[in-house]
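Given next are the chains, with one letter for each unit.
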Amino acid sequence: MTSHTAEPAEPPLDLVLVGHGMVGQRFLEAWTEQPGARRGRVTVLAEEPRPAYDRVHLSSLFEGRTPEDLTLCPPGFLAEHGIDLRLGDPVTAVDRAARTVTTRSGARLRYDALVLATGSAPFVPPVPGRDAAGCHVYRTIEDLDAIRADATKAAVAGGGTGIVVGGGLLGLEAAGALRAMGLTTHVVEFAPRLMAVQVDEGGGELLRRKIEELGVTVHTAAAASGVATGPDGAVRGLLLADGRELAADLVVFSAGVRPRDRLARDCGLAVGPRGGIVVDECCRTEDPAVLAIGECAQAADGRVYGLVAPGYQMAETAARELAGRPGPGFTGADTSTELKLLGVDVASFGDPHGTAEGALDVLYSDGRLGVYRKLVIGSDGALLGGVLVGDTDAYGTLRPLATAGRPLTVPPGQLVLPAGSAAAGPVALPDDAVLCSCHNVTQGAVRAAVREQGGGSVAEVKKCTRAGTGCGSCLKQLTTVVTEELAAAGTEVGTGLCEHFPQSRAELYEIVLVTGITTFSALVDRHGTGEGCDICKPTVASILASLSNGHILDGEQAALQDSNDHFLANLQRNGSYSVVPRVPGGEITPDGLIAIGEVARDFGLYTKITGGQRIDLFGAGVDQLPAIWARLVDAGFESGHAYGKALRTVKSCVGETWCRYGVQDSVGLAIELELRYRGLRSPHKLKSAVSGCARECAEARSKDFGVIATSAGWNLYVGGNGGMTPRHADLLAADLDRGTLIRTIDRYLMFYIRTADRLERTSVWLERLDGGLDHLRAVVLDDALGIAAELDALMARHIDSYQDEWAATLADPDRLRRFASFVNAPGTPDPAVTFVPERGQIRPARPDEDGHALPVPVPAPAPVLVAGPRLEVLAK
Ligand SMILES: Cc1cc2nc3c(=O)[nH]c(=O)nc-3n(C[C@H](O)[C@H](O)[C@H](O)COP(=O)(O)OP(=O)(O)OC[C@H]3O[C@@H](n4cnc5c(N)ncnc54)[C@H](O)[C@@H]3O)c2cc1C
Ligand code: SF4
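Quantities reported herein were computed from a predicted structural model and do not represent experimental measurements.

Parameters and conventions
- Residues numbered from 1 in each chain as written.
- Chains lettered and ligands numbered in written order.
- Predicted model: local features only at pLDDT ≥ 70, side-chain atom pairs only at ≥ 80, totals over all residues.
- Heavy atoms only, no water.
- Helix = DSSP H or I, 4+ residues; strand = E, 2+ residues; numbered from the N terminus.
- Polar contact = N/O pair within 3.5 Å; in protein donor to acceptor, adjacent residues only side chain to side chain.
- Contact = heavy atoms within 4.5 Å.
- Buried < 20%, exposed > 50% of the residue type's maximum accessible area, 1.4 Å probe, protein only.
- Near = heavy atom within 4 Å.
- Areas by Shrake-Rupley, 256 points an atom, 1.4 Å probe, with all protein chains shown as cover.
- Phe/Tyr/Trp six-rings, centres within 6.5 Å; stacked < 30°, edge-to-face > 60°.
- Pairing = 2+ DSSP bridges.
- Axes fitted to C-alpha atoms, helices over the stretch in contact; angles between N-to-C directions.
- Core = buried A, V, L, I, M, F, W, Y, C linked by side-chain atoms within 4.5 Å.
- Nonpolar A, V, L, I, M, F, W, Y, C, P; charged D, E, K, R; others polar.

Participant: Residue-level account of the side chain of threonine 465, with values.
Facilitator: Structurally, threonine 465 is set in helix H11 (residues 458-465). Reaching out from threonine 465, the side chain makes a polar contact with the backbone oxygen of valine 461 at a distance of 2.7 Å. Among the polar contacts listed, one links the side chain of threonine 465 to the backbone nitrogen of alanine 467, at a separation of 3.1 Å. Filtering out sequence-adjacent residues up to four positions away, threonine 465 remains in contact with Val441, Ala445 and Ala449.

Spelled out as structure tokens, the structure:
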């Protein structure tokens, strides 16, 4: 097919766009940037009832985002550019001879240029029963609403199994959504492995294992042969070609997509052998007045792209073409993808299956850690492609290397080994490597933007190059390159928290402190830009909580929190929650032990003593949390903040009261410290311990602040850490009396909260602190910065305003409303959370085990007993 780049030279007077999806909206944005675009009239005819939205993040609607959050059409955009958008009125016919389109409502519009951006439709295999009630597809917001309604109905009726037909990218997205709604979830895939297009056998195996560990049952090499229906005509199960029937309340077909090319076929335009409106490099069809872009088009390289980035490139090509400014044209695109599916990181780039002649694989696999990396190396030593499962951190470097297409300058082993291993090391990308494949921006262009266009931060470089504004998978690499380039130019590297705040966390803390701002929206309005993101929202929430101690589930605060804070409990691997009451200093009375034991027994919870000297109760459903806490609060317990970035425990040994070696009352001090600092929100969790003598039975030197008794008083240690990067704490001050000790800890904690970075433990903060331990001593002991009085006052305010979050939650019906597995059916337990007995308690059921869900719904919020121990039910 020939290209029509020569015509028309003038932008069209009447431009009609059919379809207002992701690519349609991108076309409008690109079109409005063209000189002369305002001359003509633009009409958009859309089938869906709402303007374009971010389909890629459709599943986030199940994580609390709203349809408004997903909108792609900025307020005022259409009016500003005089665009006439007609929603819910799809085009039904195109008359190419008359250059008109007709819509479902009967409207007839003339066009000088017509752009088809009608996307794809989900493919539903032609199996009997596929139209039964309870059968769904997964493409639009309305599809999700329908799935949600059926899932809730099934849960209320005591059922709740959903089957997804298709184990590709979209199928796993849908499975994630079903699981998030609490359905027992199955995936049925025809191919022998999941994501067969993107992932090889080894990666597919690991992906399957990880997904099954989350409780989703995977059936590979299994073909759906029909939908079984009940007497009411609704779904009862899915029939497989091998004769099995899987029981189900709903079925979601997600077995690929087909280009929506019907309009083009009907008006005699050519379509590809597997569908897709045939276009040339300029996105024109064989009729020069008709263009096609996005998933409905078969590109000049003969491929139909099912990803958004190639669609965006086509949109920009078409806009330039219509404005008479043809550019390089669309000749094909990189289909690399990086995704998080059901919480599992998966990336695939270049030629993941090594189809090129002479290609060889370099593999690294660690089943223990759940990491798989495969690189495909060509016979000339160039990186051709690869697959990453479990850890995709290297994707930002590997994908551009694969597109560069030249022999590697480092041994491939260096690229697959985990960071930190002896042979692994940093890799330099060539300047022509494409960093952002959504907008085709090379590393060289990013460096030039910093050097020549004065891009002084990642946000500015994003604005002038558009790199990082598509799928976002290149952001990490983009940040590295911008930082390197700024450092090379001797410019100070921006320490902004994220693209919404140019300030660091510490600077934001100062702003909140000085201005007294109490809401995220006020802070972002006055000192930031945009709507916020997953980085700045929880960080600001933590700062606000540190400074105001308001209830974290109140008003706007609730939406900012990390996931554990949402339910004031810790989410566990099978979707249940753990409950940890505070046991200050690890001291507990027999009555307290009995009360916790009774709660655990009555609610059938698994109990375990933690390393922080308290008792963790596992296996609670969201609906049970208020009733469990009502009992615990009644017995005198309060929140242990195990879910928050806050003080966890102050552990202690028995000290001089009982121990022959002890020289001070370590338990008494630990209790005093724990009650003083409980509920103190900080950049990261805080742990502490007090030992009664130098034998250090409480392991105080592995804590953020630890105290060891001496015969003359107390030694204070700071910046210790256990975990992945252990660090012995440093001695800050020796032989302190109790009053000085407590005042010094007050200031140390407040100085840390004020100056640390987001998610920075005290150990890392101390190593980073300018002047290190000596500076810290000068600040907290000698008041070198003149802020000691302020730090003391802040701590006093925290102590005075402390309230137990759980007691306050139980007292407020508004806060309690969120504790429901199903928002539409409060009191309905989550049937996907199942258990089996083990060693006299419960544990989460594995995918191959027939576990039992919570047998009796626990009404919230009254303190009620669940009838009968759960174990008895399980044993039946
Ligand atoms: C759940 C999900 C997850 C995804 N995840 C990713 C991902 O991680 N990465 C990625 O790259 N891609 C992903 N995709 C694919 C991505 O959403 C598509 O590539 C992208 O939406 C294509 O844009 P489009 O404008 O061509 O089609 P669409 O966004 O589908 O828009 C087409 C629009 O045209 C309308 N239309 C159709 N016919 C007519 C007519 N006759 N008249 C008027 N209007 C009409 C349709 O109703 C629709 O609104 C995902 C898709 C889904 C469903
Ligand atoms: S740290 Fe000292 S006081 Fe505490 S239990 Fe051990 S030996 Fe006894």
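On we go from here.
Participant: How would you summarise the environment of alanine 642 if you had to cite specific residues and measurements?
Facilitator: Turning to its location among the elements, alanine 642 is positioned in the loop between helix H19 (625-634) and strand S32 (647-652). With a relative accessible area of 12%, alanine 642 lands in the buried category. Along the sequence, alanine 642 and lysine 685 sit 43 residues apart, while their C-alpha atoms lie 8.8 Å from each other. When neighbours within four sequence positions are excluded, alanine 642 is seen to be in contact with Asn570, Val580, Arg614 and Arg648.

Participant: Explain the site of ligand 1 to me, using residue names and the numbers behind them.
Facilitator: Close to ligand 1 lie 28 residues; Val23, Glu47, Glu48, Arg139 and Glu295 are nearest. At 3.3 Å from an oxygen atom of ligand 1 is found a main-chain nitrogen or oxygen belonging to methionine 22. Between an oxygen atom of ligand 1 and a main-chain N or O atom of alanine 117, the distance comes to 3.4 Å. When isolated, ligand 1 has an accessible area of 990 Å², and the protein chains bury 94% of it. Sorting elements by how many residues they give to the shell around ligand 1 places helix H1 (residues 22-32) first, with three residues.

Participant: Explain the packing of aromatic side chains to me, using residue names and the numbers behind them.
Facilitator: Tallying each qualifying case throughout the model produces ten aromatic pairs. Judged by centre distance (6.0 Å) and plane angle (85 degrees), the ring pair of phenylalanine 501 and phenylalanine 520 falls under edge-to-face. You can see phenylalanine 501 sitting in the loop between helix H12 (475-488) and helix H13 (505-515) and its partner phenylalanine 520 sitting in helix H14 (residues 520-527), a full 19 residues away along the chain. The exposure class of phenylalanine 520 is buried, given its relative accessible area of 5%.

Participant: Before we move on, could you go through the sheet that holds strand S13 (residues 224-229) and cite the residues and values that matter?
Facilitator: The strand order across the open sheet formed by three strands is S13-S14-S15, and the pairing between neighbours is antiparallel. Edge positions in the sheet fall to S13 and strand S15 (245-247), since each has one partner strand and no second. Across this sheet, the average inter-strand angle for adjacent strands is 25 degrees, counted without regard to direction.

Participant: Describe the nonpolar core, listing the residues and the values that go with them.
Facilitator: If you look at the biggest cluster of nonpolar residues, it comprises 56 residues, and the most contacted ones within it are Leu673 and Leu776. It is helix H21 (residues 738-755) that provides the largest number of residues to this core, a total of nine residues. Sequence-distant contacts of leucine 673, that is, excluding residues within four places in its chain, are made with Val650, Val690, Phe705, Val707, Ile742 and Ile745.

Participant: Mind laying out the site of ligand 2, listing which residues take part and the relevant values?
Facilitator: Near ligand 2 the following residues occur: Cys653, Gly655, Cys659, Tyr661, Gly662, Gly692, Cys693, Arg695, Glu696 and Cys697. Grouping the constituent residues of the shell around ligand 2 by class yields five nonpolar, three polar and two charged.

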